[in-house]
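Listed here are the chains, written in short residue letters.
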Amino acid sequence: MSVAHALDQPMAPARPERLSRIVLSRFLRHRPAVVSAVVILLLGLSAALAGHLGLGDPLHIQMSHRFAPPLAKGHLLGADELGRDVLSRLLHAGRISLTVGLAAMAVTVVIGAALGTVSAYFRGMVDAALQRLTDAMLSFPPIYMLLALAAFVRPSLGSMTAIIAATSWMDIARMVRGQMLSLREQEFVVGARGLGASGARIMAHHLLPNTVGIIAVAATLSVARAILLESYISFLGYGIQPPLASWGNMLNNAQSYFASAPWVAIFPGVMITLAVTSFNFLGDGLRDALDPRHVESRG
Amino acid sequence: MRQYLARRVLQAAVVLGLVSLAGFSLLHLAPGGPAAIYAMSPTMAAEDLDRITRELGLDRPLHVQYLSWARGFLTGNWGRSYRDGRLVLEVITDRVPATTVLMLSAFTVAVLLGLAAGIVSAVRQYSLFDHLATSLAMVALSIPTFWLGLMGIYVFAILLRVLPPGNIGTVGADFSLPDRLWHLVLPAGTLGVVMVATWSRYTRASMLEVIRADYIRTAHAKGVAGGAVIFKHALKNALIPLVTLAGLQLPLVFSGALVTETIFTWPGMGRLFVDSIGYRDYPVLMGLLMFTALLVVLGNLVADLVYGAIDPRVRLA
């Protein structure tokens, strides 16, 4: 054992607690967020394993089982207007809805972070132009914009993801820009500049890593938003097209079957609410854990 | 102040210019473009299609089309609907009252309930009520409005049969206020739920910030009654930042109204938008995009000005 190492030993307990542990313990204190994390995990698992749970084909039409109520004829959650198993459809639809939600989030984050960084880095005219563009995009009611886009492209997983991302990047761009503008005036950046670091290096190595926290929170909330938006568009008939099921399009004709088969209308909505609420709570918990200055969550 | 106003108005004009550019290119660069609806008709010969394209001016370069549209827009000539040839501005203004009634009633309910819940939550922070209210607000923010509307119809119109499942009034009946109000309950309630959630969250946060301020402690210390401190000292100040929420919320309320109107066959602008998409009625779509964006930009401008006017600490410069 070297002398240096021996000297190191008594120092160990005085070492500050690791940041990741602080964040974790703060997160675990937010009970709704922890429950939500578990729910999201279960939703993800059930969607991933949807084909292997012995629930049958979600597209299998069996007119003799038309509108079978929950628990009847081997349908745990009943059957729909074509005798298809509602539970199997819900889980398969979850694949679509969660995939669109996560993919749209990823694209949203990339666009938002890139534009926010460019704004904060170049400032001046570039920033002013991007800010007005952001204002303009924020002026459209989101559903109006999405419907206008969705109605004119051939609906698919990819196109849904693209148009949701194209209309959702503004918040992240604003936040990243704001954070970077305040960071770039701080001493460690001045120091890096003094050491001769290039602008691009400062951006990539000193500023961007410091925005990871707020991006993680915004990303989580944007999954919730994307799932919700996908359901709106699919419900209105311009999103994921039948026979492929998404939680939104399972509700397409639900209104006509209310009287005879309310379960067809109830369960998909429950799934959407469950998924969206979970991602919202998770984002809330992450915000409390990652940002010690943030005391109360707003909007 | 005048300088600030001038700058804000100028900024709003620039934003609206960008909005119109974005909207216009969106609709006109789409596959098929505005003439697509005619191309789908089986009885349409190729030469007829060419003629229609020419008559509608769709064969001109895009920037020429945009400039002629913009000139018309500024002079109040928003074009004619492809569907029935009526003036776009007329088609839209016909739908404004229904949407206004729906949004205003939802807004009123939401502000009253939201403020009440938010105040109680803040005053009794971490109480059972606070936990319940904040969790419920989060769920309310996450429920898809269309599904909430469907469930409302199922419970109140089909199971309990106490409210009508849709429409602005009884079909064929003469106008009567009680009938209109009766039809308004479900749609306004549906649209109001998301808004209540937002208002209670913001009110709670704003109140909590104010309650911790020194002047509130002073008021308590000099013996002002608890209720008076909350309502006379704290609430007044907590309300100030909420003014901007009314403006910020507008795009989401328009979105919610569109879905609500679709579910409840409510003859407003949102339903007009959905119908116009089905008909590929570009002039009306463009008109509605511009109209709602205009209201959003104006709403935010007014909210900011009011904010500056009622809060002496805010210097608008």
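Everything here concerns the structure above.
Residues numbered from 1 in each chain as written. Chains lettered and ligands numbered in written order. Predicted model: local features only at pLDDT ≥ 70, side-chain atom pairs only at ≥ 80, totals over all residues. Heavy atoms only, no water.

A. Spotlight on the overall build of chain B. In terms of regular secondary structure, chain B is built from 13 helices and 0 strands. Listing every helix and strand of chain B by position from the N terminus yields α-α-α-α-α-α-α-α-α-α-α-α-α. On the principal axes, the C-alpha backbone points of chain B span a range of 85 × 60 × 35 Å. Counting the 317 residues in chain B, one finds 48% classified as buried. Taking all contacts inside chain B whose residues are at least 6 apart in sequence as the whole, residues at least 24 apart take part in 72%. For chain B, the accessible area works out to roughly 15,500 Å², and carbon and sulfur atoms hold 66% of it. Here chain B contributes 25 positively and 18 negatively charged side chains, and the mean placements of these two sets differ by 13 Å. (Helix = DSSP H or I, 4+ residues; strand = E, 2+ residues; numbered from the N terminus. Buried < 20%, exposed > 50% of the residue type's maximum accessible area, 1.4 Å probe, protein only. Contact = heavy atoms within 4.5 Å. Areas by Shrake-Rupley, 256 points an atom, 1.4 Å probe, with all protein chains shown as cover. Lys, Arg positive; Asp, Glu negative; His and termini not counted. Charge placed at Lys NZ, Arg CZ, Asp CG, Glu CD.)

B. Quick look at the packing of helix 5 (residues 88-123) of chain B against helix 13 (residues 282-310) of chain B. All names here are of chain B. Two numbers describe how helix 5 lies on helix 13: the axes approach to 9 Å, and their chain directions differ by 55°. When the axis of helix 5 is compared with that of helix 13, the two are oblique. Helix-helix and strand crossings are classified by hand; for helix 5 and helix 13 the assignment is right-handed. Packed against helix 5, whose contacting residues are V88, I92 and V96, the element helix 13 presents P283, V284, G287, L288 and F291 at the interface. (Axes fitted to C-alpha atoms, helices over the stretch in contact; angles between N-to-C directions. Parallel < 35°, antiparallel > 145°, perpendicular 65-115°, else oblique. Left-handed = near helix turned anticlockwise from the far one by under 90°.)

C. How the structure looks around the interface of chain A and chain B. Taken together, the contacts link 45 residues of chain A with 59 residues of chain B. Between chain A and chain B, a total of about 4,500 Å² is buried, with carbon and sulfur atoms accounting for 75% of that surface. Where chain A packs against chain B, one counts 0 salt bridges. Viewed at the interface, chain B and chain A are joined by 8 residue pairs in polar contact (both at pLDDT 80 or more). Of all the secondary-structure elements, those providing two or more residues to the side of chain A that touches chain B are helix 5 (124-139), helix 6 (142-150), helix 11 (212-235) and helix 13 (262-290) of chain A. Looking at the side of chain A that touches chain B, the element that brings in the most residues is helix 13 of chain A, giving 13 residues. Along the lines of polarity and charge, the residues of the side of chain A that touches chain B split into 30 nonpolar, 9 polar and 6 charged. (Buried area = accessible area lost by both parts, 1.4 Å probe. Salt bridge = Lys/Arg side-chain N within 4 Å of Asp/Glu carboxyl O. Polar contact = N/O pair within 3.5 Å; in protein donor to acceptor, adjacent residues only side chain to side chain. Nonpolar A, V, L, I, M, F, W, Y, C, P; charged D, E, K, R; others polar.)

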